[in-house]
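Understanding the architecture of this molecule
Residues per chain are reported as follows:
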Amino acid sequence: MPVEHVRLLLSLVLAAVVAAGSAPVRGQGSSDAGEWHSWGGNAQFTRYSPLDRIAPHNVAELEVAWRWQTADRELQAANPLWRAGRNEDTPLMANGVLYTVTGLGLIAALDPATGQTRWVHDPRSYEQGRWGAVGFIQRGLAYWTDGTEERVLVGTIDAHLISLDARTGQPDAAFGDGGRVDLLVGVPRTSRDARHVAARRPLVAGDVVVIGSSISDRPANREMPPGSVHAYDVRSGRRLWTFYTVPREFEAGYETWLNGSAEYSGNANVWAGMAYDPELDYVYLPTSTPTNDYYGGQRPGDNLFAESLVCLEARTGRRVWHFQAVHHGLWDYDFASTPVLADITVDGRPIKAVIQASKQAFAYVFDRATGEPVWPIEERPVPESTVPGEWTAPTQPFPTRPPPFDLQGATEENLIDFTPELRQRALAQLGQFDHGPLFTPPSLRGTLILPGIVGGANWPGGAFDTETGLFYVASRMNPSLVKVSPVDPARSDLQYRGQAGGPGQGGVGGVPDAASRMTVDGLPLFKPPYFRVTAIDMSTGEQRWMAPLGNGPVDHPLLQDLDLGPLGGDYHRGSVLVTKGLLFVSMSAMHSQGVPQRAAWSEWADPDDELNLLYAFDKLSGELLHTIQLDGFSAAAPMTYEHEGRQYVVVATGSGPDSAVVALGLPEQE
């Protein structure tokens with residue numbers, strides 16, 4: 001028997017042993033077989049389902065079972081100011097009902113077999129206009145039950161948490177004030193008129209609901225609201241605790257904000273999803289960059305608990321442990337994705353782990369009870385800033401395992417080398433910018449960074465196969481130009497302000513044609529794949545396989561005589577879903593208000609790259625089995641469920657009034 005087959009057999013046996021010894025607690029922490037109770041499938045965010053009716057031998061037969069058009073279509077048509085953005089919701093399936101939330105925040109219950117609407121609730125949160133950093137975009141809801149009562153909980157655009165009776169769609173009168181609580185109560189440096197803070201997807205942790213926020217991070221301000229995380233009693237709406245991501249005086253971490261900068265600094269919010277371990281009663285919070293994303297001269301110090309993974313006790317909010325991945329962040333390297341809770345076995349030792357994928361293309365792996373790294377994480381020296389008044393940390397943490405799942409560093413060794421001539425041209429282009437290894441700081445001239453601000457793993461996150469111990473993550477090779485510029489004192493309380501842009505991200509002020517200068521006649525400066533999916537064996541911390549997603553610019557005139565194979569497409573995000581035998585990856589171009597925003601090399605992309613695709617892979621080998629063209633671009637993560645003996649794969653598509661929920665299934669037997 002080949003060695004790799006022996007290893008796979010052993011990993012399956014060990015996974016079964018671990019699973020037998022640590023069966024999930026039934027209830028809010030796990031989904032019933034065939035259902036999907038949390039946007040990650042369960043509170044552990046594994047994005048794994050044991051369903052197997054859709055399998056490698058029949059996945060090519062998938063067809064559209066039903067479509068549901070967004071419930072806010074008429075509202076958007078009635079008022080141009082109420083135009084929703086990308087449909088980023090992942091529906092939930094619980095107790096035989098599918099639940100979804102639209103861009104304007106309308107919550108709907110659907111029949112899982114037909115997509116027919118059962119009820120719609122409109123919280124009217126859009127009436128005050130666009131809030132926070134995301135506008136009219138929703139990324140999901142939460143479901144709670146005690147076995148008798150059922151609730152659907154949603155964070156609204158206008159910073160409320162609402163609770164609905166899951167059977168009727170009516171507000172829960174016992175929750176807060178008529179079914180809602182105000183998330184701005186006690187939050188400094190903001191108001192409803194300012195509209196800085198929008199609520200994000202809540203997490204149900206037993207009888208506690210935890211919720212973070214999305215805060216505007218573009219203003220050139222020294223002061224902004226902090227991204228505190230709140231927890232509420234799921235029955236009454238009473239606030240139970242608050243965790244301050246920007247510490248208050250006399251709290252741990254305050255000393256890392258030098259010169260008293262914790263008193264006025266903000267952001268550091270939890271806008272990505274959170275995970276929950278029901279056995280430990282711990283919640284895991286991934287935090288973002290503090291004010292401002294690319295300039296931190298006004299907040300010297302490491303800035304805990306920004307850009308960190310924080311473990312809290314769900315009932316009390318007590319901090320158990322934390323890990324900061326970026327000291328004094330200047331790159332918008334926030335933890336954009338949800339942590340994944342995985343039971344793994346390393347060197348024969350079972351470990352209850354938490355895996356955090358990052359924009360830097362690292363997967364950080366910890367013992368989720370203690371916070372101890374499963375494999376060493378080293379503090380290594382990094383370049384210093386040349387911006388006057390800026391403060392930079394002398395070192396940054398680098399995991400020793402797993403290896404990075406995408407390119408790191410705007411360096412010469414990472415430049416394209418298809419031909420000697422192309423490499424020389426890429427060298428000349430690179431020389432137009434400041435550049436260097438990972439964590440090279442922004443500069444007044446402009447620093448090219450790789451991964452960029454939307455590179456690496458973004459908010460859809462990864463998936464963990466509980467059977468094989470493989471972790472899957474989709475990632476983007478996309479550099480950004482980050483530039484710091486002086487700010488007019490009459491318009492800002494900051495001395496400098498940072499900006500970022502690049503291919504598919506828009507330009508950067510003061511750098512003409514920045515995006516085109518980051519290419520060679522439309523070819524990316526750096527090596528492909530430009531989008532990929534990677535499988536990592538969590539028993540060894542080694543990469544099992546990698547596959548490009550999309551063909552990329554293979555038809556470019558400079559590449560036509562070369563046999564390069566797929567290079568990876570110009571996609572914005574990739575979302576993964578793993579089942580008994582398959583890995584699904586949904587891909588699409590970046591769209592804003594329905595308008596494509598493509599990178600420079602899209603002109604040369606294979607026509608297939610222009611499609612909105614759902615890829616289906618053999619999850620063990622990485623063999624591409626089938627691609628499904630969706631009828632609208634998908635910025636959302638797919639999910640799966642079984643109802644009345646039929647398995648469905650569901651993905652939200654489109655934007656604005658064209659948003660929809662599409663269910664795929666095998667042909668029904670006659």
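Everything discussed here concerns the structure shown above.
In this text, all values refer to a predicted model and were calculated from it rather than measured experimentally.

1. Regarding the sheet that holds strand β16 (residues 275-277)
- Overall, antiparallel pairing links the 4 strands, which are arranged β16-β17-β18-β19 in an open sheet. One side of each edge strand has no neighbouring strand; the edge strands of this open sheet are β16 and β19 (319-324). Between one strand axis and the next, the sheet turns through 15° on average, direction left out of account.
- By the bridge criterion, 5 bridges tie strand β17 (residues 282-286) to strand β18 (residues 308-313) in an arrangement that is antiparallel.

2. A short note on helix α3 (residues 420-430)
- Buried within α3 are the following residues: Leu422, Ala426, Gln429 and Leu430. Along the axis of α3, the buried residues cluster in a sector spanning 95°; they form a single face. When the buried face of α3 is taken as reference, the exposed residues oriented beyond 90 degrees from it are Pro420, Glu421, Gln424 and Ala428.
- On its buried side, α3 packs onto β25 (447-449), α4 (514-517), β30 (519-520) and β31 (523-524).

3. Let's talk about the sheet that holds strand β26 (residues 462-464)
- Sheet architecture is open: 4 strands sit in the order β26-β27-β32-β33, paired in antiparallel fashion. Each having just a single partner strand, β26 and β33 (542-548) make up the two edges of the open sheet. When the angles between neighbouring strand axes are averaged without regard to direction, this sheet yields 20°.
- Bridge analysis of strand β32 (residues 531-537) against β33 gives 6 bridges, and the strand direction is antiparallel. By the bridge assignment for β33, valine 533 is matched with alanine 547.

4. What about the pairing of β17?
- Burial analysis of β17 places 5 of its 5 residues in the buried class, the great majority of the element.
- Side chains Tyr282, Tyr284 and Pro286 project from β17 onto one buried face, and the interleaved Val283 and Leu285 project onto a second face that is buried too.
- Alignment of β16 against β17, held across 3 bridges, turns out to be antiparallel. From the neighbouring strand, tyrosine 276 faces β17, where its bridge partner is valine 283.
- If you look at the hairpin formed by β16 and β17, you'll find 4 residues sitting between the two strands, and aspartate 281 has a positive phi there, around 60°.

5. Some thoughts on the side chain of aspartate 537
- Note that aspartate 537 resides in strand β32.
- Ignoring anything within four residues of it in the chain, the contact list for aspartate 537 reads Gly469, Leu470, Glu542 and Arg544.

6. Section: the pattern of salt bridges
- Using the criterion set out here, one finds 34 salt bridges in the structure.
- For the salt bridge of glutamate 223 with arginine 222, the shortest nitrogen-to-oxygen distance reads 3.6 Å.
- The exposure class of glutamate 223 is partly exposed, given its relative accessible area of 37%.
- According to the relative accessible area criterion, arginine 222 is partly exposed, its value standing at 28%.
- Between glutamate 467 and lysine 619 there is a salt bridge whose closest N-O contact spans 3.7 Å. Here lysine 619 lies in the loop between β38 (613-618) and β39 (624-629) and glutamate 467 lies in the loop between β26 and β27 (470-476), a separation of 152 residues in the sequence.
- If you follow the salt bridges from partner to partner, you end up with Asp277, Glu279, Asp343, Lys352 and Arg368 in one network.

7. Observations concerning unusual backbone geometry
- For the peptide bond that leads from leucine 304 to phenylalanine 305, omega is 5°, which places it in the cis range.
- By secondary structure assignment, the location of phenylalanine 305 is in the loop between β17 and β18.
- Looking along the chain, the bond that leaves arginine 401 and enters proline 402 is cis, with omega of -15°.
- Along the chain, proline 402 turns up in the loop between β24 (395-399) and α3.
- If you check the backbone angles, aspartate 347 has positive phi at about 55° while not being a glycine.
- Tracing the chain through its elements places aspartate 347 in the loop between β20 (340-346) and β21 (349-357).

Definitions and cut-offs
- Residues numbered from 1 in each chain as written.
- Predicted model: local features only at pLDDT ≥ 70, side-chain atom pairs only at ≥ 80, totals over all residues.
- Heavy atoms only, no water.
- Pairing = 2+ DSSP bridges.
- Helix = DSSP H or I, 4+ residues; strand = E, 2+ residues; numbered from the N terminus.
- Axes fitted to C-alpha atoms, helices over the stretch in contact; angles between N-to-C directions.
- Buried < 20%, exposed > 50% of the residue type's maximum accessible area, 1.4 Å probe, protein only.
- Arc of directions from axis to C-beta.
- Contact = heavy atoms within 4.5 Å.
- Salt bridge = Lys/Arg side-chain N within 4 Å of Asp/Glu carboxyl O.

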